[in-house]
Amino acid sequence: NAIRKFQEERDALEAEKEQLRAACRAEAARREQASQQLADLSREVERLRAAQPPSAVETAELKRQHAEKQLALMATIDGLRSDLEREQARRDELEGVKRKAEADSGHL
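As a starting point, this report considers the structure included with it.

So, about the overall build of the protein. Counting its secondary structure elements, the protein contains two helices and zero strands. Against the globule reference of 13 Å for 108 residues, the protein gives a C-alpha radius of gyration of 24 Å, more extended than a compact globule. Along the longest, intermediate and shortest principal axes, the C-alpha atoms of the protein span 80 × 15 × 15 Å. The 108 residues of the protein split such that 18% are buried. Residue pairs in contact within the protein that sit at least 24 positions apart in sequence constitute 90% of those at least 6 positions apart. Of the roughly 8000 Å² of accessible surface on the protein, a fraction of 53% belongs to carbon and sulfur atoms. Within the protein, the 23 negative side-chain charges are centred at a point lying 1 Å from the centre of the 21 positive side-chain charges.

Between helix α1 (residues 2–50) and helix α2 (residues 56–106), the shortest axis-to-axis distance is 9 Å and the interhelical angle comes to 165°. Taken together, the axes of α1 and α2 lie roughly antiparallel to each other. Between α1 and α2 lies a crossing whose hand is left-handed. Each residue belonging to the contact of α1 with α2 can be placed in one class, and the counts come to 18 nonpolar, seven polar and 17 charged.

This part is about the side chain of His66. As for its placement among the helices and strands, His66 is situated in helix α2. Judged by its relative accessible area of 19%, His66 falls in the buried class. In contact with His66, not counting residues within four places along its chain, are Leu41 and Val45.

Parameters at a glance
- Residues numbered from 1 in each chain as written.
- Predicted model: local features only at pLDDT ≥ 70, side-chain atom pairs only at ≥ 80, totals over all residues.
- Heavy atoms only, no water.
- Helix = DSSP H or I, 4+ residues; strand = E, 2+ residues; numbered from the N terminus.
- Rg over C-alpha atoms; globule rule 2.2 N^0.38 Å.
- Buried < 20%, exposed > 50% of the residue type's maximum accessible area, 1.4 Å probe, protein only.
- Contact = heavy atoms within 4.5 Å.
- Areas by Shrake-Rupley, 256 points an atom, 1.4 Å probe, with all protein chains shown as cover.
- Lys, Arg positive; Asp, Glu negative; His and termini not counted.
- Charge placed at Lys NZ, Arg CZ, Asp CG, Glu CD.
- Axes fitted to C-alpha atoms, helices over the stretch in contact; angles between N-to-C directions.
- Parallel < 35°, antiparallel > 145°, perpendicular 65-115°, else oblique.
- Left-handed = near helix turned anticlockwise from the far one by under 90°.
- Nonpolar A, V, L, I, M, F, W, Y, C, P; charged D, E, K, R; others polar.

Okay, here's the thing in structure tokens:
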């Protein structure tokens with residue numbers, strides 16, 4: 001009975017661990033996408049700068065728009081990084097619980 005309970009707990013932990021890994025992969029993909037968007041925006045800014053020189057008003061507006069987009073992307077990246085760190089800490093905690101459960105079942 002204790003072995004069956006342990007196996008059920010282990011299976012549940014394994015399933016949760018796999019879910020966390022999937023979440024980590026998804027967060028990493030989202031972070032990669034945000035980084036790609038930031039790179040795309042940087043290339044676009046460089047392309048615009050290389051084009052004919054804009055007026056002072058246009059330059060100020062372009063800078064403002066770029067700064068807003070860059071801040072939004074940086075906030076997204078920071079949020080994704082926090083989410084990823086939280087999920088990794090949770091995964092590590094679950095793996096610790098699993099190891100303890102395995103160690104405890106070995107002493108039965």
